[in-house]
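Residue strings, one per chain:
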Amino acid sequence: AVRFFGASGLPNASLSGIWKTATRGTGSIRDAAAFAEALSLTCKELLATAYAHASVPTTPQGPPSFAGAAPGSDMTPEQRAKYLAHYASIDADGNGYISHEEATAFLSKAKIPREMIEVLVERFSQGSMHMSREGFCLAMHETYKAIRSGG
């Protein structure tokens, strides 16, 4: 398994997190579903890395701020406080990180295409399997901007 997943080129820290999640902390893959989860998590991590190192093209459906100013540069302190309160409601254990799935599920409540939410989550995770407070604030801010622009 180490050789197989190591061929992905992902850092060992990322692969370790993937393995821990897929094996539910047991350290061994016991069935096809766990192996499929490891593959899926590896794929998502590779996509996140690709998004982090590539510029996302602006399309009529794309997030508006990707075209010009740095994302979040127009975020007010009040907006940031609101986004952090939402983050805290998701980060139940208070470890400072939430999964892509948790972030996507929360942000998908917005009336914009789920694919756009997934791009935002991947982009602002900066290649990580998890989303930080700051990354979530940026993704949520861009989500609100997309809603206002008709997403």
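Above this text is the structure in question.
The paragraphs below set out a description of the structure included in this document. Treat the numbers as computed from the prediction; the structure is a model and nothing was measured. (Residues numbered from 1 in each chain as written. Predicted model: local features only at pLDDT ≥ 70, side-chain atom pairs only at ≥ 80, totals over all residues. Heavy atoms only, no water.)

Details of the packing of aromatic side chains
And step 1. Under the criterion given, the structure shown has four aromatic pairs.
And step 2. On the numbers, 5.8 Å between centres and 15° between planes, the contact of Y83 with Y144 is stacked. You can see Y83 sitting in helix α4 (residues 77-90) and its partner Y144 sitting in helix α7 (residues 133-148), a full 61 residues away along the chain.
And step 3. Each member of the aromatic cluster is reached from another via a ring pair, and the members are Y87, F106 and F136.
And step 4. If you follow K82 out to its NZ or CZ, it ends over the ring of Y144, 4.4 Å from the centre. (Phe/Tyr/Trp six-rings, centres within 6.5 Å; stacked < 30°, edge-to-face > 60°. Helix = DSSP H or I, 4+ residues; strand = E, 2+ residues; numbered from the N terminus. Lys NZ or Arg CZ within 6 Å of the ring centre and 35° of its normal.)

Looking at the nonpolar core
And step 1. In terms of nonpolar packing, the biggest core is built from 22 residues, with I98, L107, M131 and F136 touching the most fellow members.
And step 2. If one sorts the elements of this core by residue count, α7 sits on top with six residues.
And step 3. Beyond its immediate chain neighbours, meaning those up to four positions away, M131 contacts Y87, G96, Y97, I98, A103, L120, V121, F124, S125, F136 and A139.
And step 4. Within the second largest apolar cluster, eight residues are counted, among which are L15, A22, A38 and L41. (Core = buried A, V, L, I, M, F, W, Y, C linked by side-chain atoms within 4.5 Å. Buried < 20%, exposed > 50% of the residue type's maximum accessible area, 1.4 Å probe, protein only. Contact = heavy atoms within 4.5 Å.)

Brief notes about a nonpolar patch on the surface
And step 1. A surface patch of nonpolar side chains, about 270 Å² in accessible area, is lined by F4, F35 and L39.
And step 2. Relative to the elements of secondary structure, F4 occurs in helix α1 (residues 2-6). (Patch = residues over 30% accessible without salt bridge, like charges linked within 9 Å, V, L, I, M, F, W, Y side chains within 5 Å. Areas by Shrake-Rupley, 256 points an atom, 1.4 Å probe, with all protein chains shown as cover. Salt bridge = Lys/Arg side-chain N within 4 Å of Asp/Glu carboxyl O.)

Looking at α7
And step 1. Compared with the 22 Å implied by 1.5 Å per residue over 16 residues, the 23 Å span of α7 between its first and last C-alpha is a close match.
And step 2. Residues G135, F136, C137, L138, A139, M140, H141, E142, T143, K145 and A146 constitute the buried set of α7.
And step 3. Those residues of α7 hidden inside the fold are in contact with α4, β1 (97-99), α5 (100-107), α6 (114-124) and β2 (130-132).
And step 4. Directly beyond the C-terminal end of α7, a positive phi value near 95° is found at G150. (Expected span 1.5 Å × (residues − 1).)

Let's talk about unusual backbone geometry
Backbone phi values are negative for most residues with the exception of glycine, while trans is the configuration of most peptide bonds.
And step 1. If you check the backbone angles, R24 has positive phi at about 55° while not being a glycine.
And step 2. For R24, the location among the structural elements is in the loop between α2 (12-22) and α3 (32-52).

Observations regarding the packing of α6 against α7
And step 1. As a packed pair, α6 and α7 sit with axes 9 Å apart at the nearest point and diverge in direction by 150°. The orientation of α6 with respect to α7, classified from their angle, is roughly antiparallel. The chirality of how α6 crosses α7 is right-handed. Contacts from M116, I117, L120 and F124 in α6 reach G135, L138, A139, E142, T143 and A146 in α7. (Axes fitted to C-alpha atoms, helices over the stretch in contact; angles between N-to-C directions. Parallel < 35°, antiparallel > 145°, perpendicular 65-115°, else oblique. Left-handed = near helix turned anticlockwise from the far one by under 90°.)

Overview of the environment of E134
And step 1. Among the structural elements, E134 can be located in helix α7.
And step 2. When its relative accessible area of 35% is taken as the criterion, E134 is described as partly exposed.
And step 3. Residues E134 and G72, 62 residues apart in the sequence, show an inter-C-alpha distance of 9.6 Å.

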